Amino acid sequence: HELRNPIAASRTKLEVALASPEQADWEDTAEVVLQEQQRLGFLVDSLLELARLDERATTEIGDVDLDDVVFAEVKRLGSVVATSVEGVEPVRIRGDLRQLTHAVRNLVDNAARHAHSKVAVALTTEADDVVLSVDDDGEGIPESKRAAVFARFVRLDESRMRGAGGAGLGLALVAAVAASHGGSVVAEDSQLGGARLVLRLPRAGASASD
């Protein structure tokens, strides 16, 4: 169903334009088709990554400076929303750089999507754990729904819970990456008034579950 939607939307937009090519707004048509293709690309990439994680496919494990990943993803966000980086410590973990980058990106993008005006990112250490917290000042996530937001294709509230790409896969992928690295991710209340998503991962040298 999720894959059919962007395909159907693109086809419908093109069919309408081709029915009256002289009157069609081709710039608008191109923009709509491009957006739907980008959404479709995200869906395919996310499904492939989730399949690899499900199958415990061979990954490129190495030392990852997670603070570098965090700074890079915040910088990529640019001026989309006011983003502050607070208390980011230099931390290193063992893991797959591509998967970890994808997880951090999804957390930051999710916060930016649902924030009214502000996102705050922090990276600290607690005992043997690295703790990444991403806060937003949006509507927040009701306590009764915080576990479900990490399930695949689950839509609890269209304005808050649809994952990156509009299919409920963004946070599901974060949860899968966390589990594959011996960590976890939870949703909490944020002091900014919205949601706080907290990703915990074992530091390099700390024991992690398979």
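Placed above this text is the structure.
No experiment lies behind these values; they were computed from the predicted model shown.

Chemist: Is there a simple way to explain the pattern of salt bridges in this structure?
Modeler: Charged atoms that come close allow side chains of opposite charge to pair. Per the stated rule, a full pass over the model turns up ten salt bridges. When the shortest N-O distance is used, the salt bridge between Arg-76 and Glu-73 registers 2.7 Å. With Arg-76 and Glu-73 both in helix α3 (residues 66-77), this residue pair falls three residues apart, about one helical turn. Assessed through its relative accessible area of 37%, Arg-76 is described here as partly exposed. Here Glu-73 falls in the buried class, since its relative accessible area comes to 3%. Because the salt bridges share partners, they merge into one network encompassing Glu-73, Arg-76, Arg-105 and Asp-109.

Chemist: Please clarify how unusual backbone geometry should be interpreted in this entry.
Modeler: Most peptide bonds take the trans form, and the phi angle of most residues other than glycine is negative. Despite not being glycine, Ala-127 shows a phi value in the positive range, around 55°. Mapped onto the elements of the fold, Ala-127 is located in the loop between β4 (118-126) and β5 (129-136). On the accessibility criterion, Ala-127 (66% relative accessible area) is exposed.

Chemist: Can you walk me through a nonpolar patch on the surface in this structure?
Modeler: Taken together, the side chains of Leu-14, Leu-18 and Trp-26 make up a nonpolar region of the molecular surface, amounting to roughly 300 Å² of accessible area. On the basis of relative accessibility, which here comes to 36%, the residue Leu-14 falls in the partly exposed class.

Chemist: Sorry, what's going on with the nonpolar core here?
Modeler: Proteins that are soluble and globular tend to have nonpolar side chains buried together. Counting residues in each nonpolar core, the largest one holds 44 residues, and the members touching the most others are Leu-66, Leu-107, Leu-123 and Leu-132. Elements with a contribution of two residues or more to this core: α2 (26-54), α3, α4 (97-114), β4, β5, α5 (170-180), β6 (184-189) and β7 (195-202). Top contributing element to this core by residue count: α4, with seven residues. With near-sequence residues (within four places) excluded, Leu-66 lies in contact with Val-91, Ile-93, Val-104, Leu-123, Val-130 and Leu-201.

Chemist: What should I look at first to understand the side chain of Arg-146 in this one?
Modeler: Relative to the elements of secondary structure, Arg-146 occurs in the loop between β5 and α5. One polar contact links Arg-146 to Asp-189, side chain to side chain, over a distance of 2.4 Å. If near-sequence neighbours (up to four positions away) are discounted, Arg-146 is found in contact with Ile-141, Ala-187, Glu-188 and Asp-189.

Chemist: Any chance you could explain the sheet that holds strand β2 (residues 82-86) here in plain terms?
Modeler: Sheet strands pair via backbone hydrogen bonds, and the direction of the pair is either parallel or antiparallel. Strand order in this open sheet of five strands is β2-β4-β5-β7-β6, and the pairing throughout is mixed. Only two strands of the sheet have a single partner each, and these edge strands are β2 and β6. When the angles between neighbouring strand axes are averaged without regard to direction, this sheet yields 20°. In the sheet, β4 pairs with β5 via eight bridges, with the strands oriented antiparallel. In the strand pairing of β5, Glu-126 is matched with Asp-129. On top of the sheet, α5 reaches β6 and β7; it is set at about 130° to β6, its chief contact.

Chemist: Looking at this structure, how should I read the environment of Gln-37?
Modeler: Mapping Gln-37 onto the fold places it in helix α2. The class of Gln-37 is partly exposed, set by a relative accessible area of 38%. As a C-alpha pair, Gln-37 and Ile-7 span 30 residues in sequence and 7.7 Å in three-dimensional space.

Chemist: Sorry, what's going on with the packing of α4 against α5 here?
Modeler: Helix-helix packing: each pair is described by the crossing angle between the helix axes and the interaxial distance. At a closest axis distance of 9 Å, the pairing of α4 and α5 adopts a crossing angle of 140°. Our classification of the angle between α4 and α5 gives oblique. Of the two possible hands of crossing, α4 and α5 adopt the one that is left-handed. Contact with α4, carried on its side by Gln-99, Leu-100, His-102, Ala-103, Asn-106, Leu-107 and Asn-110, involves Gly-170, Leu-171, Leu-173, Val-174, Val-177 and Ser-180 of α5 and no other residues of that element.

Thresholds, definitions, all that
- Residues numbered from 1 in each chain as written.
- Predicted model: local features only at pLDDT ≥ 70, side-chain atom pairs only at ≥ 80, totals over all residues.
- Heavy atoms only, no water.
- Salt bridge = Lys/Arg side-chain N within 4 Å of Asp/Glu carboxyl O.
- Helix = DSSP H or I, 4+ residues; strand = E, 2+ residues; numbered from the N terminus.
- Buried < 20%, exposed > 50% of the residue type's maximum accessible area, 1.4 Å probe, protein only.
- Patch = residues over 30% accessible without salt bridge, like charges linked within 9 Å, V, L, I, M, F, W, Y side chains within 5 Å.
- Areas by Shrake-Rupley, 256 points an atom, 1.4 Å probe, with all protein chains shown as cover.
- Core = buried A, V, L, I, M, F, W, Y, C linked by side-chain atoms within 4.5 Å.
- Contact = heavy atoms within 4.5 Å.
- Polar contact = N/O pair within 3.5 Å; in protein donor to acceptor, adjacent residues only side chain to side chain.
- Pairing = 2+ DSSP bridges.
- Axes fitted to C-alpha atoms, helices over the stretch in contact; angles between N-to-C directions.
- Parallel < 35°, antiparallel > 145°, perpendicular 65-115°, else oblique.
- Left-handed = near helix turned anticlockwise from the far one by under 90°.

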